[in-house]
Every structure is written in C-alpha cells, then in structure tokens.
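Residue-level listing of the chains:
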Amino acid sequence: MTHLYRTHTCGELTTKQTGKRVKLSGWVHSRRDHGGLIFLDLRDRYGITQVTFNPKISKEAWKTADQVRSEYVVTVEGKVTRRPKDMINPKLATGEIEVMADRIEILSKAKTPPFEITCPSKGDKEKEISEDVRLKWRYLDLRQERIKDNILLRDKIIKFIRDFLTQRDFVEIETPILGKSTPEGARDYLVPSRLYWGKFYSLPQSPQQYKQLLMVAGFDKYFQIARCFRDEDTRADRQPEFTQLDLEMSFVTQKEILDLCEELFTQAIEKLTDKKILKKPWPRLKYKECIEKYGIDKPDLRFGMELVDVTEIVKGSKFKVFQDAIKNKGVIKGLVAPGCAEYSRKQLDELVEYTKQSGAKGLAWLALKHKKVESPIAKFFSEHEINELVSETRAKEGDLLLFVADKPKIVAQALGELRSYLGDKLKLKDPNVLACCFIIEWPLFEWNEEEKRLDPCHHIFTAPKEEDVPLLDKEPLKVGSWQHDLVINGWEIGGGSIRIHERKLQEKIFELLEYSKKEIEARFGHLLRAFEHGAPPHGGIAPGIDRFLMVLQGELNIREVIAFPKNQAAQDLMMGAPAEVEEKQLKELGIEVKEKGK
C-alpha cells in the first residue's frame, strides 16, 4: 500500500460517495462471518463504517480479513456501495453504505481486551465493569463511545470559552505551577527543592493570589484554563488534580461578573448541547433564602419540595420531641413528598434511617390518605394543628409530610439531603434540563464549633460588604460578603467574589482568623506589599470545567470526563502512581521515609 493511510474517516461516507474508491484506517470494532462473506465494522473517533469482504472480489483480501479480530488496527481499500434497503442501519451516520473491499493490511494486532469496547448506559452498574479495571486500562476505556464523546465535548467547551473571552478583550496568562504554600481550605501537594535544602514548593490549589497580582499589574481582564491541585478526600465531584476556568477582572461589580458568566455558560450550553436551561435570566438567590427553602447552599431547582418552618404551628402540641427541640432553641421544619402517602413501613423506615445518617435524631411523618391523616404521632396534635400543618405545607391527598426537629443547622442539613434523595427516588430531576443559578449575599465568616474560632465562608481574600466593615470587631458573624457561587442541578460548579484590595482591611481579616503577624508576613507579605502600590478594585469567579462537563453529560462523577483521572482512592492505576522512588532521589532531596506512625 502507499503511504496514504486514509482518504476518508470512518464517519463521513454517505451515498454521495457511491462508486468512489476509498481508503479507510481504524480499529476493528466487530467481525462477522456470514457464510462466504466477512463483515468488519471499522471504527475511528469519527464513527463506524461497515466493510465487506467477498472472496469473489478478492480472495487474498478475504483471507486476510478472516485473520483479523476485534481491536486490530487495519487499513482497507475498496468501492463505496449502497446497502440493500433491508440492510440499512439507521443508528449509524454511514448506515446507508458499505465499502466492498479488495485490499486490507493489518497494521497492528491486538490482544483480547479485558472488557468489551462498547457503550454501557450511564449509571447502569449491571452492565458496567468495575471502575478500577476501566482505569487500569484507560487507553482502552477511552475508545468507548460514551467516554470518547465526553472528551470531545470537553475540547469544544474549552475552545468556546477561549474564543468567547478573547473576543471580549480578556488576556490568557499562565501562572506558576511551582509556588508557595498558602492556606486555601485543603492540604497542599508539596514538592521538595533539590537546590534549596529543606525547602518546598507547593502545587497551586488555585491561582488565587497570582491572578490578584495580575490585577495589580494592570491586566484588567485575565483568564486561564488552570490546573489545580488539592490533597483532600475524594468524592464524586473531586479529583486530586482538576481544571477550572480562572477568571478575574478589575474595576468590576459583582453584577458584571455574574452577567458575563451567565452569558458565557448560556451560550456554551445552547450552542454545544441539546440541554434546556430551566430559567433565563438565571435566578440569583440569597444564601439565607437557600438555607431556609432548601436546607443547603447548592439547591437543585429542577423541582420544588421546599422546606417549611412549622415551629409556630406545633409549639402548643403534646408531641414531646417537638417540645424538647423548641426548649433547646431548635426548630421544626418539614417538606412534602408528593404521592408518597402509601409508602410501606419498610419504605418509611428507610427514610428515617437516611435522615439519621445526615445527623438528625429522627424523622416524623404524616400520611394524607383516604381523606384522613395516618401517623403514629397524629394523636399528639389537635385537628386544628393538623389542618394548619396541611395548609402551611400545601400538602394534598396522597402526599406524605416529613418533619425534622433539632438545631437549625442540623434540620437544614438533614432535610436538604432528604429533599435531594427524594428528588432522585421520585424521578423529579429532568436529565435534559439545567437549572442554573447564582447564590449571593453570603456571610463573610462561619463559626467553627470544634475549634472555637472563625472560619472564612469562602476564602480569606473575599471582601466584606462595605456597610458591614464596622461590625468586624464587635459582631463578625453578622458581616456580609461579596461572595458568589455558580450552581447547576444541585452541584456547586464554581465560586468567586469581589476581593479585598486594601492592605489594612486584608490584615484585619487575617487577624480575625487568628494569623500571627509573623504568619501574615511569611505567607502573604508579597500580596500585602502589592496592595501598597496601587491596587484596583477587582473580583472574579472560577467555575470547574470537570464539574460543568459532568453535569452536562449526566455523569455520576467527574472521572468520566477526564482523560486520565485518578480513582476514588487518588491512585493512577494505569501508570502505577503514587509509587516509590529510588533512594538516590530521596537523598538528593534530604528526605528519609519512615514507617507510618513513627
């Protein structure tokens, strides 16, 4: 064969090329032997084309085709012909044609793969093989149509972001990967320095301080497709290394940041996917409103089931659990599970156990069925109180009322998680709809009960509301901030804020968070000095590309949208990382590895 491996891809041939001689190269997706004919489905990243070998056309090609097996890499030549009407495959873009081959060359043989190269349904655990096996053979897993499509969409999204921001005068600037360890909410990955004995670089949890310094430098519109690293426990939406759109602007208000972000993601969704956005413009919900209505700060707005405070209604009831909660300055809140009044005792017990896992002591319920209320606690309430509960929660015949009584934070968390659980169980979350919103009006601090100190609600560089600055000394927990979060379908996609740009105010925040003057200088001296050289007001946002893609594709975790992810235990099973290194390398760095715990 000549040096040309293909004239067309395996996804572009149609009836327009009928009679044309073509050359294709790819992987053998499947092989079928029907009597005297051999059929190969040839696959590349563009699609699949059926190739037919007839011994009457070429005995030599037919004999070679008889040797090939799945995942062999081959080059074939032949003429494009129309398939008989009863052989057309409507599932393929090339389904109306086939290539009648007269030549084939095996470019690479393949062992039998450890799993079938196919496309299991999202979340179909019975059909999917174990994730660790898939990740060990990730280069094979990437051949799966579903995973391949995720990676291709990732490329389109990133290109769209770059084009969108470049057209609006943003400058793409890369910031260092080897930096300095600074507190940003998670453990740093440390890199020992060979040249500076006993000193370490840190991989960035985000480019936070660098992008603020770029604002001081005068680059008023910056962005970066940034790699970030956090040594934290993994979960569905986390990876040790991840990618975010890092974006910062000077002389900007919070509204301008959110408007830009909404326009960017709305256009990306509508131009690159077939998903429907639930509401436009996107809702901008206050943090306090979110906690009151949904129990969490990242609500899924595709369904209602809002939390209702019924403390006033039941404060005179004879139900001891409710009375004890009220005496301990707690609250009683409930939600309505539509159409669940006929739940069995087993189903109700499952809901109770689920709620206990969220920190609540229990779950009370009232079932509205057969035009009456059924519940073991109904006897503790008057008819008026029950009518008030039904009216306040807007429950209907056939509904199930669920209540939690405890401290406000525990009630919010338990019912917020129960709401999300029921949203899945009752299939209230439309997979084709994206409920996008921003959460604003956050407090600047939250109280760390375990360590008896203030923690930042977002991060230590978030600006307080100007009118609340006088409260910093006396009532810091009442100080509001300019933080904002982007939430889609119950997932926090990203967060940002207007930043502090004055040295005195930034030092004040550090002091309230109990950093010593020595720590402040060592960790943040460079930033504070920069603020003394003309720092503009600035702010930004950093949406996670991986999380955004995960939601777009309806995947259950972000590992499915990353080419080479770590598994849930933060291991690269394909490469075998993390791994031991040679003693020589450790000595060069002045490192000695001891047994764990010693």
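Up top is the structure these notes are about.
Here we summarise the structure given alongside this text. As the structure is a prediction and not an experimental result, all values here were calculated from the model.

**Thoughts on the packing of aromatic side chains**
Next up, step 1: Considering all chains together, one arrives at 16 aromatic pairs under this definition.
Next up, step 2: Taking 5.3 Å as the distance between ring centres and 35° as the angle between the ring planes, the aromatic pair formed by Trp282 and Phe438 counts as tilted. Residue Trp282 is located in the loop between strand 11 (276-277) and strand 12 (284-286), and its partner Phe438 is located in strand 19 (residues 436-440); the two are separated by 156 residues in the primary sequence.
Next up, step 3: Judged by relative accessible area, Trp282 falls into the buried class, the value being 3%.
Next up, step 4: Between Phe510 and Tyr515 the ring centres are 5.9 Å apart and the planes differ by 80°, which places this aromatic pair in the edge-to-face class. Grouping residues by exposure puts Phe510 and Tyr515 together as buried.
Next up, step 5: The residue whose ring lies beneath Arg419 is Phe303, and the NZ or CZ to ring-centre distance is 4.1 Å.
Next up, step 6: A cation over an aromatic ring shows up here: Lys465 above the ring of Trp482, its NZ or CZ 4.5 Å from the ring centre.

**So, the nonpolar core**
Next up, step 1: Leu165, Leu245 and Leu486 are the most contacted members of the largest nonpolar core, which has 65 residues in total.
Next up, step 2: Top contributing element to this core by residue count: helix 6 (residues 254-272), with 8 residues.
Next up, step 3: Ignoring any residue separated from it by four or fewer positions in sequence, one finds Leu245 in contact with Ile161, Leu165, Phe223, Gln224, Ile225, Leu264, Ile541, Ala542, Pro543 and Ile545.
Next up, step 4: Phe303, Trp365, Leu400 and Leu422 belong to the second-largest nonpolar core, a separate cluster that totals 24 residues.

**A few points about unusual backbone geometry**
Next up, step 1: In this structure, Pro281 follows Lys280 across a cis peptide bond, with omega equal to -5°.
Next up, step 2: Turning to its location among the elements, Pro281 is positioned in the loop between strand 11 and strand 12.
Next up, step 3: A cis amide bond links Ala577 to the next residue, Pro578, at an omega of 0°.
Next up, step 4: Looking at the secondary structure, you find Pro578 in the loop between helix 15 (545-552) and helix 16 (583-589).
Next up, step 5: Its identity as a non-glycine residue notwithstanding, Lys329 has a phi of 65°, on the positive side.
Next up, step 6: Following the sequence through the fold, Lys329 ends up in the loop between helix 9 (320-327) and strand 14 (331-337).
Next up, step 7: With relative accessibility at 72%, the residue Lys329 sits in the exposed group.
Next up, step 8: Of note in this structure, Lys371 is not a glycine but carries a positive phi near 60°.

**Details of the environment of Ala364**
Next up, step 1: Among the secondary structure elements, Ala364 is positioned in strand 15 (residues 364-369).
Next up, step 2: Residue Ala364 is classed as buried on the basis of its relative accessible area, which comes to 9%.
Next up, step 3: The sequence separation of Ala364 and Val314 amounts to 50 residues, and the corresponding C-alpha distance is 13 Å.
Next up, step 4: Leave out the neighbours within four places in its chain, and Ala364 touches Phe319, Phe322, Ile377, Leu401, Leu402 and Phe403.

**Considerations on the sheet that holds strand 4 (residues 73-82)**
Next up, step 1: What the 5 strands build is a closed barrel, ordered 1-2-3-5-4; its pairing is mixed. Strand after strand, the sheet turns through a mean of 55° between neighbouring axes, direction not considered.

**Quick word on the pattern of salt bridges**
Next up, step 1: Applying the stated rule across the entire model yields 53 salt bridges.
Next up, step 2: Among the ionic pairs, Glu77 bridges to Arg21, the shortest N-O distance being 3.5 Å. In this pair, Glu77 sits in strand 4 while Arg21 sits in strand 1 (residues 21-34), placing the two residues 56 residues apart along the sequence.
Next up, step 3: Relative accessible area serves as the criterion here: at 38%, Arg21 is assigned to the partly exposed category.
Next up, step 4: The residue Lys517 makes a salt bridge to Glu511 at a minimum N-O spacing of 3.9 Å.
Next up, step 5: For Lys517, a relative accessible area of 67% puts it in the exposed group.
Next up, step 6: Because the salt bridges share partners, they merge into one network encompassing Arg134, Arg138, Asp141, Arg146, Glu555 and Glu560.

**A short note on the packing of helix 4 (residues 145-166) against helix 6**
Next up, step 1: Relative to each other, helix 4 and helix 6 sit at 140°, their axes nearing to 10 Å. In terms of orientation, helix 4 and helix 6 fall into the oblique class. When the axes of helix 4 and helix 6 are compared, the crossing they make is right-handed. Contacts between helix 4 and helix 6 involve Leu153, Lys156, Ile157, Phe160, Ile161, Phe164 and Leu165 from the former and Leu260, Glu263, Leu264, Gln267, Ala268, Lys271 and Leu272 from the latter.
Next up, step 2: Of the residues contributing to the contact of helix 4 with helix 6, the split by class is 10 nonpolar, 1 polar and 3 charged.

Parameters and conventions
Residues numbered from 1 in each chain as written. Predicted model: local features only at pLDDT ≥ 70, side-chain atom pairs only at ≥ 80, totals over all residues. Heavy atoms only, no water. Phe/Tyr/Trp six-rings, centres within 6.5 Å; stacked < 30°, edge-to-face > 60°. Helix = DSSP H or I, 4+ residues; strand = E, 2+ residues; numbered from the N terminus. Buried < 20%, exposed > 50% of the residue type's maximum accessible area, 1.4 Å probe, protein only. Lys NZ or Arg CZ within 6 Å of the ring centre and 35° of its normal. Core = buried A, V, L, I, M, F, W, Y, C linked by side-chain atoms within 4.5 Å. Contact = heavy atoms within 4.5 Å. Pairing = 2+ DSSP bridges. Axes fitted to C-alpha atoms, helices over the stretch in contact; angles between N-to-C directions. Salt bridge = Lys/Arg side-chain N within 4 Å of Asp/Glu carboxyl O. Parallel < 35°, antiparallel > 145°, perpendicular 65-115°, else oblique. Left-handed = near helix turned anticlockwise from the far one by under 90°. Nonpolar A, V, L, I, M, F, W, Y, C, P; charged D, E, K, R; others polar.

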